[in-house]
Amino acid sequence: MRTPTLVFLSLVGCSDYNFTEDKDPNDGTSGDTAQPDDPSDPDDPSDTGDTSGPGGGGTIPDSCEDFDALDPIEVELNDSCEVEYSEGSFTPVTEWSFGSSSFCGPPAAGVLVDSDGDGDLDDADMPVIVFYQSGSVAAVYGDGTGRAWRTTTRSYGQDGGFALGDVTGDGWPDVITASDTMVCALDGNTGVEHWCNTSLGGRIDFYGYNYPSISDLDADGQPEVIVGSSILDGLTGSPRGQGSLGTGSAPYGGSGASTYGAMSATVDLDGDGQVEVVTGNAAYDADGNVVWSNSGPDGLVAVADFDLDGQGEIVKTSGIYVYGMETDGTVVWGPETYSGNLGAPAIDDLDGDGTPELVFAAQNALIAMEWGGAELWRARISDASGAAGPVLFDFEMDGYPEVLYADETTIRFFNGRDGVEKFTSTGHASYTILETPIVADVDNDDEAEIVIGHCQGNSTIGAVTVYGDADHTWPAGRKWWSQHGYHITNIADDGSIDSPTTNNFAQYNSYRSGDVGRPPNEYWDLRAEVVDVCEIECAADRLLVQARVLNAGNIEVPAGVNVSLRAGSGGTVVEVQGLSSAIPAGSSSDTLVFDVSASAFVGQTPTVTADEDDAGIGVFYECDESNNVDGWSTTVCN
């Protein structure tokens, strides 16, 4: 913090002072030494000889000039972010349950409802959890305070899943439902029906095990809705294309015409800007035309860059078989054979070696596998089919994600690195179809929660259960888990669908994983700093605020970090600027200057936040999310 004298000088004038020295980012005090011009300097063209200014230091300037750009400074690393591999201290507790009937899942979660009634969706709105209840769709607030809405007009489904995202282009996320013959779009804020396509019988799963997804396949700004190989216009629900081969379903026992599930993947496999609909034996373009096909069986798929060649490879579970396929569908390993009817695979780097592994369930066994088919580990579960699936998230921030799974009788969480069981709960019952848990910050507490549906739910265990951390140490997850084939980049933080699509494997290299953390012992830690303020022109409704971002993490932060300026802590976001350059580890960014209307700041403290957009949302997941804010030492424009 500046001395009172220097604060006074900065209040009366900025342009006649040289702001070139830096505030110490480690002790929160200011080392800026705003020195008045020497009135006796004959070479100073601004010197008029007038000593009527404060302390006789010269004339009082009447306008703010641009601040001097400051060189980056060294920033002390946040050593507390160094986290050792954790084999314990994982303490989930039930936060709440809802409902009394069955729901298999997975549920979906996101910010859909204008819970604070201010007319828009932002970081203050409470996320909701969406699930089926006896054919209706219910949206329940993630903090357990009750239902936001429930449909009453028709039966939308029961054993399938959802997709969330803005498909109608009105700026509000929608809810896509799927039954055995029908796919519908509902308004996410109210549950009111936008459209229904009731003519899909015979093209999606007969049993209703249908799991939609949303993607802008042709990058035209209008997302499509995809269920299996059926491609619908997101705005109207009318057919756009229909693939003629695989639907993302798996044959019972690995062969034959009887299949289960319809859950294709959407990804730009080859980086040409066009998203493919990928199934077990074919890929389609936006119109349903075959991009490639192979002679193998269909199956349940997931995509990542396993060989680090910049393109996506495909893993497929197909009844009792597991395969690995190249970008063009060529089978490069497998089949590896197991018992049961295998569920959908999840992908992430389980062992911290820089390359991803896959996890899937087989009959009474959870399997972690390297690309190529070698088992990394296996763990005992109780599931005669193995059809349910795992999801992944690094709850302990040690760089090794946990594996979450619910079988017929028990909820089980495992170490991702070695498969050691870390937690069990028998508050669960299911005949297991293709459900998975989900992970999201559903109650706005900046900590991730786990949400699980119960396929044989009842009044004791509920239809869905939310788990939190007894020790409140879990990191802040996203507020979204939008579909069965969730892969982070499939939905933006405001519920919109990126166009063109950003491939997950280019940044996270995961699938059915909510883990957006870093590899072991790599971390970001962003802090904002208000460097200076010029309020000379407050009467003319002009205020200048100089700020920068400090990276106390041990790896570089890429360009694009948003920095917001608020009128007071928790006040309105007045302006957001993005940093054009990366910030090296242990260094600060270039300075930026906010030139804003002073009227919003009268009697307020200018406050800047690193990694925050105008909706209050951040992008970078840091080891410490609590130190991103910095305020000026005094109120301004009084």
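Within every chain, residues take consecutive numbers counted from 1 along the sequence as written. Predicted model: local features are reported for residues with pLDDT of at least 70 only, side-chain atom pairs are reported and counted for 80 or more only, and whole-chain, interface and lining totals are derived from all residues. Hydrogens and water are ignored here; the side-chain numbers use all heavy atoms of the structure.

Q: Please provide a residue-by-residue account of the pairing of strand S26 (residues 365-369), values included.
A: For S26, the buried fraction is high: five of the five residues fall into the buried class. Burial along S26 is two-sided: the face carrying Ala365, Ile367 and Met369 and the face carrying Leu366 and Ala368 are both buried. Strand pairing requires that DSSP identify at least two bridges connecting the strands. A run of DSSP states H or I qualifies as a helix once it reaches four residues; a run of E qualifies as a strand once it reaches two. Both are numbered from the N-terminal end. Pairing between strand S25 (residues 357-362) and S26: five bridges, direction antiparallel. Bridge pairing links Ala361 to Leu366 in S26. Hairpin connection, S25 to S26: the antiparallel pair is bridged by two residues, and Asn364 has positive phi, about 60°. Of the strand pairs in this sheet, S26 and strand S27 (residues 375-380) are connected by five bridges, and their pairing is antiparallel. Paired with Met369 across the strands is Glu375, a residue of S27. Hairpin connection from S26 to S27: five residues lie between these consecutive antiparallel strands, with Gly372 at a positive phi of about 115°. Burial classes: relative accessible area under 20% of the type maximum marks a residue as buried, over 50% as exposed, and values in between as partly exposed (1.4 Å probe, protein chains only).

Q: Any details on the packing of aromatic side chains? Residues and values, ideally.
A: Classification of ring pairs rests on two measures: the distance between centres of Phe, Tyr or Trp rings, Trp counted by its six-membered ring, which must be within 6.5 Å, and the angle between planes, read as stacked under 30 degrees, edge-to-face over 60 and tilted in between. One pass over the full model with this rule turns up 19 aromatic pairs. With centroids separated by 5.7 Å and ring planes inclined at 50°, the aromatic side chains of Phe103 and Phe131 adopt a geometry described as tilted. Here Phe103, found in the loop between strand S1 (92-98) and strand S2 (108-110), pairs with Phe131, found in strand S3 (residues 128-133); they are 28 residues apart in sequence, far enough to count as distant. Each member of the pair, Phe103 as well as Phe131, is classed as buried. Put simply, the rings of Phe98, Phe103, Phe131, Tyr132 and Phe162 pair up and form one aromatic cluster. Only when the NZ atom of a Lys or the CZ atom of an Arg is both within 6 Å of the ring centre and within 35 degrees of the ring normal do we say a charge sits over the ring. Across from the ring centre of Tyr323, 4.4 Å away, lies the NZ or CZ of Lys316, which sits over that ring. Across from the ring centre of Tyr400, 5.0 Å away, lies the NZ or CZ of Arg417, which sits over that ring.

Q: Quick one: what's the story with the nonpolar core, residue by residue and with numbers?
A: The set of buried Ala, Val, Leu, Ile, Met, Phe, Trp, Tyr and Cys residues whose side-chain atoms join them within 4.5 Å is what this entry labels a nonpolar core. Counting residues in each nonpolar core, the largest one holds 70 residues, and the members touching the most others are Ile176, Val183 and Phe395. Non-local contacts of Phe395, meaning those with residues more than four positions away in its chain, are made with Phe90, Glu402, Leu404, Val439, Ala448, Ile450, Thr473, Trp474 and Pro475. In this structure, Val530, Val533, Val596 and Phe620 belong to the second largest nonpolar core, which totals 29 residues. By definition, residues are in contact when any of their heavy atoms lie within 4.5 Å.

Q: Residue-level account of the layout of surface pockets, with values.
A: Of the volumes computed, that of the largest pocket is approximately 790 Å³. If you trace the largest pocket, you find 35 residues lining it, with Asp123, Asp446, Gly616, Ile617 and Gly618 closest to the centre. No other element matches strand S41 (residues 606-610), which puts three residues into the lining of the largest pocket. Residue polarity follows a fixed list, in which Ala, Val, Leu, Ile, Met, Phe, Trp, Tyr, Cys and Pro are nonpolar, Asp, Glu, Lys and Arg are charged, and the others, Gly among them, are polar. Within the lining of the largest pocket, the residues separate by chemical class into eleven nonpolar, ten polar and 14 charged. Domain borders in the structure are assigned automatically or taken from a domain database. Domain assignment of the residues forming the lining of the largest pocket places at least three in each of domain 1 (92-506) and domain 2 (526-631). For each structure, a 1 Å grid was placed over the protein atoms alone; sets of points admitting a 1.4 Å probe that cannot get out are labelled cavities, open sets with protein on both sides within 12 Å along at least five of seven lines are labelled pockets, and lining residues have an atom within 4 Å of a point. Grid points are joined across faces, edges and corners, and a volume is the space filled by probe spheres set on the points.

Q: Give me the lowdown on the pattern of salt bridges, citing residues and values where you can.
A: We define a salt bridge as a contact between a side-chain nitrogen of Lys or Arg and a carboxyl oxygen of Asp or Glu at a distance within 4 Å. Under the criterion given, the structure shown has 16 salt bridges. Where Arg240 meets Asp218, a salt bridge forms, and the shortest distance between an N and an O atom there is 2.8 Å. In this pair, Arg240 is assigned in strand S13 (residues 239-242) and Asp218 in the loop between strand S10 (213-215) and strand S11 (224-227), connecting sequence segments 22 residues apart. Exposure remark for Arg240: the relative accessible area of 27% places this residue in the partly exposed category. Arg240 serves as the salt-bridge partner of Glu224, at 3.1 Å between the closest nitrogen and oxygen. Within this pair, whereas Glu224 is found in strand S11, its partner Arg240 is found in strand S13, the two being separated by 16 residues in sequence. Here Glu224 falls in the buried class, since its relative accessible area comes to 1%.

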